[in-house]
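Survey of secondary and tertiary structure
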Amino acid sequence: MNEKRTARLELRLTFEEKEKLSKMAQERGKTVAQIIRELVINDKLVTKTDIQTVIELKRIGNNINQIAKQINLIPHEDNIKLYLQELHDILNMLSVITKKLV
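Once a new chain begins, its residue numbering starts again from 1 and follows that chain's sequence as written. Two thresholds apply to this predicted model, a pLDDT of at least 70 for residue-level local features and 80 or more for giving and counting side-chain atom pairs, whereas whole-chain, interface and lining totals are computed over all residues. Neither water nor hydrogens contribute to the side-chain values; these are computed over all heavy atoms in the structure.

1. Remarks on the overall build of the protein
The condition is simple: Helix numbers and strand numbers start at the N terminus; a helix is a DSSP run of H or I with at least 4 residues, a strand a run of E with at least 2. Here a residue-residue contact requires only that any non-hydrogen atoms of the pair lie within 4.5 Å. We get accessible surface area from the Shrake-Rupley algorithm with a probe of 1.4 Å; when it comes to residues, only the shown protein chains can shield them.
Per the secondary structure count, the protein includes 4 helices and 0 strands. Counting from the amino terminus, helix and strand elements in the protein follow one another as α-α-α-α. Residue pairs at least 24 apart in sequence account for 31% of intrachain contacts in the protein once pairs closer than 6 positions are excluded. When the accessible surface of the protein is summed, it comes to about 9200 Å², and 55% of that surface belongs to carbon and sulfur atoms.

Written out as structure tokens, the structure is:
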């Protein structure tokens, strides 16, 4: 898909809108044209919030893995109950984050 882009489009914005668009492009290390194409044509603009959500979900996943590892190492029933409660709390946090994404 290395087609040469020759078609032009004129777009009128307020100064504030232009500044917001320029800032958005700069924050993502892209050009304004790339931002507009991603948003309008490809519909896959990734926001800073999405990136932060992914990072947080990875942290929660790591916590779940650590808890599971500890459960497998310690056979005492009291400890298992404690780790299961922690796992339950983390899964509840994950559910809250997931609902915000949808």
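2. Overview of the side chain of glutamate 38
Which entries qualify depends on this criterion: Counting of polar contacts relies on pairs of N or O atoms within 3.5 Å, with two restrictions inside protein: one atom must be capable of donating a hydrogen and the other of accepting it, and residues adjacent in sequence are counted only when both atoms are side-chain atoms.
By the secondary structure assignment, glutamate 38 is in helix H2 (residues 32-42). Looking at glutamate 38, its side chain comes within polar contact range of the side chain of lysine 30, at 2.4 Å.

3. Quick look at the pattern of salt bridges
Going by this rule: Salt bridges are identified by distance alone: a Lys or Arg side-chain nitrogen within 4 Å of an Asp or Glu carboxyl oxygen. Accessible area is worked out with a 1.4 Å probe on protein chains only. A residue is then buried under 20% of its type maximum, exposed over 50%, and partly exposed in between.
The tally for this structure, following the rule as stated, stands at 4 salt bridges. A salt bridge links glutamate 10 to arginine 12; the nearest nitrogen and oxygen atoms lie 3.4 Å apart. Accessibility classification places glutamate 10 together with arginine 12 in one group, the exposed group. Here glutamate 38 and lysine 30 are joined by a salt bridge, their closest N and O atoms 2.4 Å apart. Classification of lysine 30 by relative accessible area gives partly exposed; the value is 32%.

4. Observations regarding the packing of helix H1 (residues 15-28) against H2
Applied cut-off: Axes, fitted as lines to C-alpha atoms, cover a helix only where it is in contact. Angles between the N-to-C directions of the axes lie from 0 to 180 degrees. Each angle gets one of four labels, with under 35 degrees taken as roughly parallel, over 145 as roughly antiparallel, 65 to 115 as roughly perpendicular, and the rest as oblique.
The interhelical angle for the contact between H1 and H2, taken along N-to-C directions, is 95 degrees, at an axis separation of 8 Å. Judged by the inter-axis angle, H1 sits roughly perpendicular to H2. Residues Leu21, Ser22, Met24, Ala25 and Arg28 of H1 form the contact with H2, whose participating residues are Val32, Ile35 and Ile36.

5. Focus on the confidence of the model for the protein
What counts is decided by this rule: Confidence scores per residue from the predictor, reported as pLDDT, run from 0 to 100.
On average, the protein scores 81 in pLDDT, and the residues at 70 or more come to 85%. Across the protein, the secondary-structure element scoring lowest on mean pLDDT is helix H3 (residues 48-73), at 80, and the one scoring highest is H1, at 91.

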